[in-house]
Structures are given as C-alpha cells and as structure tokens.
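Letter by letter, the chains look like this.
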Amino acid sequence: MSIIVAFLQAVLLVAIAPLISGIARNIRAKMHSRKGPSILQDYYDLAKLWKRCEVREGGSGLISRLMPPIYLGSFVLVAAGLPLIMQACPVPYLGDIITILYLMALPRFMFSLASIDSAGSYTAIGGVRELLVGVLVEPSLILVLFVMALAAGSTNVGVMAHAVASLEAYPFVAVVVAGIACAMACYIEMGKLPFDLAEAEQEIQEGPLAAYSGPSLAMLKLGVSVKQLVVASIFVAIFIPFGAAATTAPLDILLGFVLYIVKVLAVFLVAAVIENSVMRVRYKLLGRYTWFVVGIASLSLVFLVIGI
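Keep in mind that this is a model prediction, so the values were computed, not measured.

1. Re the nonpolar core
Part 1: Counting residues in hydrophobic clusters, the biggest one holds 91 residues, and the most contacted among them are Leu229 and Val230.
Part 2: Element by element, the count of residues in this core is highest for helix 8 (residues 214-239), at 17 residues.
Part 3: When residues no more than four places from it in sequence are discounted, the contact partners of leucine 229 are Leu13, Ile16, Ala17, Ile20, Tyr260, Val264 and Phe268.

2. Points about the packing of aromatic side chains
Part 1: Evaluation of the coordinates by the stated rule reveals three aromatic pairs.
Part 2: Between tyrosine 71 and phenylalanine 111, the aromatic rings sit 5.9 Å apart at their centres with planes inclined by 50°, giving tilted as the arrangement. Residue tyrosine 71 is found in helix 3 (residues 62-81), and its partner phenylalanine 111 is found in helix 4 (residues 97-117); the two are separated by 40 residues along the sequence.
Part 3: Note on tyrosine 71: relative accessible area 6%, which makes it buried.
Part 4: The class for phenylalanine 111 is buried, based on a relative accessible area of 2%.
Part 5: Feature note: the residues Tyr71, Phe75 and Phe111 constitute an aromatic cluster, connected by ring pairs.

3. Things to note about the confidence of the model for the chain
Part 1: Looking at the chain, the pLDDT average stands at 81 and 90% of residues meet or exceed 70.
Part 2: No element of the chain has a lower mean pLDDT than helix 5 (residues 121-152), at 80, and none a higher one than helix 2 (residues 41-51), at 89.

4. Remarks on the layout of surface pockets
Part 1: By volume, the largest pocket is sized at about 320 Å³.
Part 2: Considering the residues around the largest pocket, the lining is formed by 16 residues, among which Ala183, Met184, Cys186, Tyr187 and Ile274 are closest to the centre.
Part 3: Here the lining of the largest pocket takes five residues from helix 7 (residues 172-189), the largest share from any one element.

5. Points about the pattern of salt bridges
Part 1: This structure, assessed with the given rule, holds four salt bridges.
Part 2: Among the ionic pairs, aspartate 42 bridges to arginine 25, the shortest N-O distance being 2.6 Å. Placement of aspartate 42 in helix 2 and of arginine 25 in helix 1 (residues 2-31) is noted, with a sequence separation of 17 residues between them.
Part 3: Note that lysine 227 is salt-bridged to glutamate 189, the shortest N-O span being 3.6 Å. With lysine 227 in helix 8 and glutamate 189 in helix 7, the pair connects residues that are 38 residues apart, well separated along the chain. In this pair, the class of lysine 227 matches that of glutamate 189, namely buried.
Part 4: One network of salt bridges, in which partners are shared, links Arg108, Glu138, Glu189 and Lys227.

Cut-offs used in this document
- Residues numbered from 1 in each chain as written.
- Predicted model: local features only at pLDDT ≥ 70, side-chain atom pairs only at ≥ 80, totals over all residues.
- Heavy atoms only, no water.
- Core = buried A, V, L, I, M, F, W, Y, C linked by side-chain atoms within 4.5 Å.
- Buried < 20%, exposed > 50% of the residue type's maximum accessible area, 1.4 Å probe, protein only.
- Helix = DSSP H or I, 4+ residues; strand = E, 2+ residues; numbered from the N terminus.
- Contact = heavy atoms within 4.5 Å.
- Phe/Tyr/Trp six-rings, centres within 6.5 Å; stacked < 30°, edge-to-face > 60°.
- pLDDT = per-residue confidence, 0-100.
- 1 Å grid on protein atoms, 1.4 Å probe; cavity = no way out; pocket = protein on both sides within 12 Å on 5 of 7 lines; lining within 4 Å.
- Points joined across faces, edges and corners; volume = space filled by probe spheres on them.
- Salt bridge = Lys/Arg side-chain N within 4 Å of Asp/Glu carboxyl O.

As structure tokens, this is what we get:
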C-alpha cells in the first residue's frame, strides 16, 4: 500500500503542478487588476510544446540533453518519498533528509552545468545566478532540517512529521523558529519575488531555458512547476502535518489528500500575497536578504542547544 501511495503522490504532484502554478498566476493578475490567463494555461503551453520539434544549439552536448529529464525526475522522486497524504514516508529511503537534500541539489547542479554546456554567454550568466541563489539558500534549509532531525530524533521526514503532529518535537521554541526559517527558505526556493520569477524564461535568471525548445522545454517548464509544489510540500509535510493519515485506511487517505490540497493552496495564496507586495532586487543584492534567513536558522540551532 505504501508503494501505491508513493506512486500516486508522484503522479498527483506532476498532474496538479501546472494547475497550482496557473492559480498562483491568476491570483497575481487579479491583485494587479488584470484579467490574467486561464488557470489551465500551463496545460495548454505544455501540450503545444510537446507537439513542436526540438531545436538544439550547435555547441550543446550530452549534458544539455540529459538535463531536462534529470531536472524533472529528481523532483518526482522527492515527491514520491515525502509524507504528504500520510504521516509516514511511503518510501523511507526517499524520505531521509540527506536523500532529499541531494535530490534537490542535483537539478540545480545540472541546470547550471547545462548553461555552460550550451556555449552561450547569456545562458551561462543565468547558470551562475542559479548557483548563487543555491549557495545562499541551501545552507539555511540544511540547518533547519538538521535542527528538526535533532528535535525529532531521526533524519526521516515522516518521523519529524509525527513528532510535530503529536507535539513531541522538543524544544518547542527551536521548532517554531526553525519553521519560520524553513518557510522563508522555501519561499526563496519556490522562485518568488523579490528573489526570482519562475515564469521569466527569457530573462537572465532563467537564461538556460532560452536554449531549449519543444519537448525539452516542456519538461523544464513542468519541472519548474513541480519544484515549486515540492518545496511547498516539504514545508507542509514537516511543519503542518496535522490531518495527514495515520493509517492506510481508504477514508483516512482520502481525508489526508483533501487536507493536503487545502494546506498547499493556503501556502501558495500567502506566497502570492507576499510576492505582489514586493519588487524584484538585483541578484548581487540577494545576500542582504538571504543572510537574514541564515541568521534565523542559526538562531533555531542556538535555541535547540540551550533547550528552549
């Protein structure tokens, strides 16, 4: 049953990721007093791209060809292992924070490597920017997950979720501060303003996407949407696990699925409100904001050490 749940989770996230992205874009348009695109627009774009032929740059090699499936497949694996509908991880090996961190680092590494492999200066700058964001954000996320592992007594995300849901995660202040830091780090990883803009395929920050077309570009666009949903799901799974199924009973799983959708939509709604209240900053100034996240994550570790 756990393997079935893992498979269904992966399929579910891939299927609804474009819908969630479309809803977020529509909310942003409404807040700007615009009509905005249809919430199904991402599905239309993906279907159109899959039908088109693929054109590659003359200098691109094997890395550029492998990057789109690896980018999408890494986040699909993370989605299969997270305790989204159930409190326990469907696949324990994929639910370990070490595995999750490596699977999330692999797409960023391949994304940046492909930008160099494309032999284009425009795409290379975008790859450098992606690495810079990763260097500034990933330490915060690693530190937060380390604090939660110590508080729950395990590196398994399912055990962390159970500890938070049963209020057994200790010390409580450290867990709360870690949750705040995780929310901020996940917001940056989701590609939201002022740090990024996930729909900016033709700008420097998403420069490598300009080197792709056809099915490869469709996989990357789908991968970006799945990444946003997976990152939001990590926060929901660890810090808002309430309502997740404690057993594999069909009714419990159905209730856990409904509550998961509600929680994810609430996270994206809050992110949309914040995103529309700020303006983008130059990537050279991102450190001024991300160091604040690192500081809060470090504070959670201090609280953990002193036991409050």
